[in-house]
Amino acid sequence: MFILKVLYALLGNLVIFGGLLFLPAGTLNWWRAWIFLGIVAVSVIATMFIAFRENEELWNERLKPPIQQGQPLVDKIIISVFVLAFFGLVATISLDVFRFHLLGKPGAIISGLGLLLFTTGWWMIAFSFRENTFAAPVVKHQAERHQTVVDTGVYSIVRHPMYAGAVLLMIGMPLWLESYAAALFAIVPIILLAVRIIFEEQFLRQELNGYDAYTERVQYKLLPYIW
């Protein structure tokens, strides 16, 4: 059964990233994209073993749609726009590299740094899943699961390590795939994440016991010593 879950997650990620990259590009002759998909594949498989192999509840939670009953309206709006912005970011990479050529291409060092940022961001997200069994795709209080504050692992460094990983991922991906323009466009989904953090923290302070004390222990929301 677990192997089926791994295959499901692997296929889903490869279809989404592969489709958004290769279809706008109009070609499969793109070696950087193939390396990128290979890293995604390895990372997905590793994440499944690290975070989901012994956590059925988290797996079931992550399978739920980004729009759910009882979810605050503000979060429904934010997450809907974010998903569109993220998909748009991936597609923008292909359009810029193969059609628009807006801001030129980064050199080998910068693009290599981009791959490192992407991989680091992915692993931050993976370890967020490992630490936080309540990592739902929507903002909500999971009273039926007896939700508690998580302050271990990456959550002892910043309060939203999953979002921090997403920021690195969204900057690193276009740099590796050689699009400065798409890296600049990443500002849009990053701003949406920042807005969601502000709303989510207000919600958690009201609904989750111990969250106020957690914010005093861990001072930074997203980036250590910055915010």
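Before reading on, note that the structure itself is shown above.
Attention here is on the structure that accompanies the text.

### A few points about the side chain of Gln 68
Structurally, Gln 68 can be placed in the loop between helix H3 (56-62) and helix H4 (73-100). Owing to a relative accessible area of 11%, Gln 68 belongs among the buried residues under this scheme. Within the structure, the side chain of Gln 68 is placed 2.9 Å from the backbone oxygen of Pro 65, a separation counted as a polar contact.

### Concerning the packing of helix H5 (residues 108-131) against helix H6 (residues 161-176)
For the pair H5 and H6, the least separation of the axes is 7 Å and the interaxial angle reads 155°. In this view, H5 runs roughly antiparallel relative to H6, as classed from their interaxial angle. Relative to H6, H5 is oriented so that their crossing is left-handed.

### A short note on the packing of aromatic side chains
What the rule picks out here adds up to 18 aromatic pairs. An angle of 80° between the planes, with centres 5.0 Å apart, marks the rings of Phe 2 and Phe 49 as edge-to-face. Here Phe 2 is found in helix H1 (residues 2-25), whereas its partner Phe 49 is found in helix H2 (residues 31-52), with 47 residues between them in sequence. Overall, Phe 49 belongs to the partly exposed group, its relative accessible area being 38%. Taken together, the aromatic side chains of Phe 17, Phe 36, Phe 82, Phe 86, Phe 87, Phe 118 and Trp 122 make up a single cluster linked through ring pairs. Across from the ring centre of Trp 176, 4.3 Å away, lies the NZ or CZ of Arg 32, which sits over that ring.

What counts and what doesn't
Residues numbered from 1 in each chain as written. Predicted model: local features only at pLDDT ≥ 70, side-chain atom pairs only at ≥ 80, totals over all residues. Heavy atoms only, no water. Helix = DSSP H or I, 4+ residues; strand = E, 2+ residues; numbered from the N terminus. Buried < 20%, exposed > 50% of the residue type's maximum accessible area, 1.4 Å probe, protein only. Polar contact = N/O pair within 3.5 Å; in protein donor to acceptor, adjacent residues only side chain to side chain. Axes fitted to C-alpha atoms, helices over the stretch in contact; angles between N-to-C directions. Parallel < 35°, antiparallel > 145°, perpendicular 65-115°, else oblique. Left-handed = near helix turned anticlockwise from the far one by under 90°. Phe/Tyr/Trp six-rings, centres within 6.5 Å; stacked < 30°, edge-to-face > 60°. Lys NZ or Arg CZ within 6 Å of the ring centre and 35° of its normal.

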